[in-house]
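Spelled out from the first residue to the last, the chains are:
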Amino acid sequence: MSVTEHQLPVHAPMNQFSVSDGELVLGGERLSLLAARVGQTPFYAYDRSLLRARVAELRDVLPKGVKLHYAMKANPMPAVVGFMAGLVDGIDVASAGELKVALDAGANPLEVSFAGPGKRDAELRQAVASRVLINVESFREVVALEAISSELGLPARVAVRVNPDFELKGSGMKMGGGPKQFGVDVEQMPTLLADIGRAGLAFEGFHLFAGSQNLRSESICEAQQKSFELALRLAQDAPAPVRFLNLGGGFGIPYFPGEQRLDLGPIGDNLARLAQRAQAELPEASLVVELGRYLVGEAGVYVARLVDRKISRGQVYLVTDGGLHHHLSASGNFGQVIRKNYPVTIGNKVDSPEKETASVVGPLCTPLDLLADRMTLPVARVGDLVVVYQSGAYGASASPQGFLGHPVCLEVLV
Ligand SMILES: *Cc1c(COP(=O)(O)O)cnc(C)c1O
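A. Highlighting the side chain of R54. With respect to the helices, strands and loops of the structure, R54 is situated in helix α2 (residues 48-61). Accessibility expressed as a relative area gives 11% for R54, which makes it buried.

B. Region of the structure containing the site of the ligand. Near the ligand there are 13 residues, and of these K73, S212, E290, R293 and Y394 occur at the shortest range. One nitrogen or oxygen atom from the main chain of G292 is found 2.9 Å from an oxygen atom belonging to the ligand. For the ligand, whose accessible area on its own is 390 Å², the fraction buried by protein is 92%. For the shell around the ligand, the per-class residue count stands at five nonpolar, four polar and four charged.

C. The arrangement of the nonpolar core in detail. Y70, M84, F206, L245 and L295 are the most contacted members of the largest nonpolar core, which has 129 residues in total. Among the elements that take part in this core, helix α8 (residues 217-235) stands out by supplying eight residues, more than any other. In terms of domain composition, this core takes at least three residues from each of domain 1 (14-46 + 298-413) and domain 2 (76-291). In this view, L295 contacts L51, R54, V55, L58, L68, H69, Y70, M84 and V88; residues no more than four positions away in its chain are not counted.

D. Focus on the packing of aromatic side chains. In the structure shown here, the tally under the stated rule is nine aromatic pairs. Residues F251 and Y294 carry aromatic rings whose centres are separated by 5.7 Å and whose planes lie at 80° to one another, so their mutual orientation is edge-to-face. With a gap of 43 residues between them, F251 in the loop between β14 (244-246) and α9 (264-281) and Y294 in helix α10 (residues 293-296) connect regions that are remote in the sequence. Comparing F251 with Y294, the two get one shared label, buried. Here the aromatic rings of F256 and Y342 are separated by 5.7 Å at their centres, their planes lie at 70°, and the arrangement is edge-to-face. Taken together, the positions of F256 in the loop between β14 and α9 and Y342 in the loop between α11 (328-331) and β18 (344-346) put the pair 86 residues apart, joining distant regions of the chain. Residue class for Y342 comes out buried when judged on its relative accessible area of 3%. Taken together, the ring pairs connect Y44, Y46 and Y302 into an aromatic cluster. Seen from the ring of F83, R48 lies directly overhead, with NZ or CZ sitting 5.8 Å from the centre. Taking NZ or CZ as reference, K119 lies 5.8 Å from the ring centre of F114, over its face.

E. Structural context of the sheet that holds strand β2 (residues 23-26). A sheet is described by the order of its strands in space; here three strands give the open sequence β1-β2-β3, paired in antiparallel fashion. On the outer flanks of this sheet lie β1 (19-20) and β3 (29-30), each paired with one strand and no other. Pairing between β1 and β2: two bridges, direction antiparallel. Pairing of V19 across the sheet is with L24, part of β2.

F. Representation of the domain arrangement of the protein in the model. If you check the domain split of the protein, you get domain 1 (14-46 + 298-413) and domain 2 (76-291). Centre-to-centre, using C-alpha coordinates, domain 1 lies 34 Å away from domain 2. In this assembly, 14 residues from domain 1 lie in contact with 11 residues from domain 2. Where domain 1 abuts domain 2, roughly 1,200 Å² becomes buried across the two surfaces, and 64% of that area is made up of carbon and sulfur atoms. When the area that domain 1 buries against domain 2 is broken down by residue, the three leading residues are E298, Q390 and L413, summing to 35%. Where R261 meets E298, a salt bridge forms, and the shortest distance between an N and an O atom there is 2.7 Å. At the junction of domain 1 and domain 2, the tally comes to two residue pairs in polar contact (both at pLDDT 80 or more). Take the side of domain 1 that touches domain 2: its biggest share by element is three residues, from strand β22 (residues 410-413). Looking at side-chain class alone, the side of domain 1 that touches domain 2 contains six nonpolar, five polar and three charged residues.

Parameters at a glance
- Residues numbered from 1 in each chain as written.
- Predicted model: local features only at pLDDT ≥ 70, side-chain atom pairs only at ≥ 80, totals over all residues.
- Heavy atoms only, no water.
- Helix = DSSP H or I, 4+ residues; strand = E, 2+ residues; numbered from the N terminus.
- Buried < 20%, exposed > 50% of the residue type's maximum accessible area, 1.4 Å probe, protein only.
- Near = heavy atom within 4 Å.
- Polar contact = N/O pair within 3.5 Å; in protein donor to acceptor, adjacent residues only side chain to side chain.
- Areas by Shrake-Rupley, 256 points an atom, 1.4 Å probe, with all protein chains shown as cover.
- Nonpolar A, V, L, I, M, F, W, Y, C, P; charged D, E, K, R; others polar.
- Core = buried A, V, L, I, M, F, W, Y, C linked by side-chain atoms within 4.5 Å.
- Domains from an automatic or database assignment.
- Contact = heavy atoms within 4.5 Å.
- Phe/Tyr/Trp six-rings, centres within 6.5 Å; stacked < 30°, edge-to-face > 60°.
- Lys NZ or Arg CZ within 6 Å of the ring centre and 35° of its normal.
- Pairing = 2+ DSSP bridges.
- Buried area = accessible area lost by both parts, 1.4 Å probe.
- Salt bridge = Lys/Arg side-chain N within 4 Å of Asp/Glu carboxyl O.

In structure tokens form, the structure reads like this:
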């Protein structure tokens, strides 16, 4: 059976950036001029107007009163966090290092929450003193927080991160259900909530985060629904009324051939129903969704320059000055089971009719340093600019920049 080109799965259209004179435009500037302004390749560029548009799109769909948080581990660049802090309702941090960036950026500590397994005592102390909400993930944390609260004369603000008894179906990364290092099992919740009451901590709510990178709105709705029901049950054992109910996120973006953009409509409708029920059943609670990659992922690109063009036994290799040391995810080595290509183009020749099949590789001495495996790309020459789309999340900070001693990349917010 022959497989024709149009039957193969293709990437979702990458039409978030405009094109001028055959070049991608970022932050209102043609890519070649942006590269000149940055002064080096490789670099990441994040487009403010796309960040703003994405938040506006969510605000349109989310019911009023549902809080939108930015999970900054997706992109902790201080300028990005500062920009996002002005757009969203709160910032979620996962370490004391991130907490510092969020507070420096001007985030309101009362709307910052801190999650993660293995919070060290020093981090918990910083969090209590900052008055941020701590998502408790173990019995030990309750004991530590009791001591820290009495030492500082400031009761820790806590929510409980629950490891639910269900999973987020179809998620790229599951972070709840079954045995997990995250949160506390729902079965242990009555004991934990009693401990929190006895310790005199300021209980404020629940945090449920079932998984990441999900493109199926019906799965996300189901997880939100189940999280809400679970929180209603747990609220009966809680030492104080629920003020925050963080339903997680997991909204995905299309990376690979055959994937399509998430349909937000059903999620907005589902949250509207839940928000209405919350008014009656958890009257003091604000619902929260926390999103990382969905807010920033599509607004960013990674840009590297072609330093060589080689042909090996008939296969074209485009060798760039960037690679997996800056962009582990695009190389396929950050959690992917089977390697697939991110959307890639030649950013200064995007609409060139001259095309070829080529692989894009980096300068590292390992075959893992692969940014595109036999893709159809505009024909490229040394000096051209390779662009990896969908690179605004889990890029620079999620990559082993020290590996092999090449220069680090820059990041710009444009
Ligand atoms: C990683 C993480 C997020 C962000 O996930 P995305 O897939 O980037 O949206 C949100 N909440 C928690 C608790 C996380 O660990």
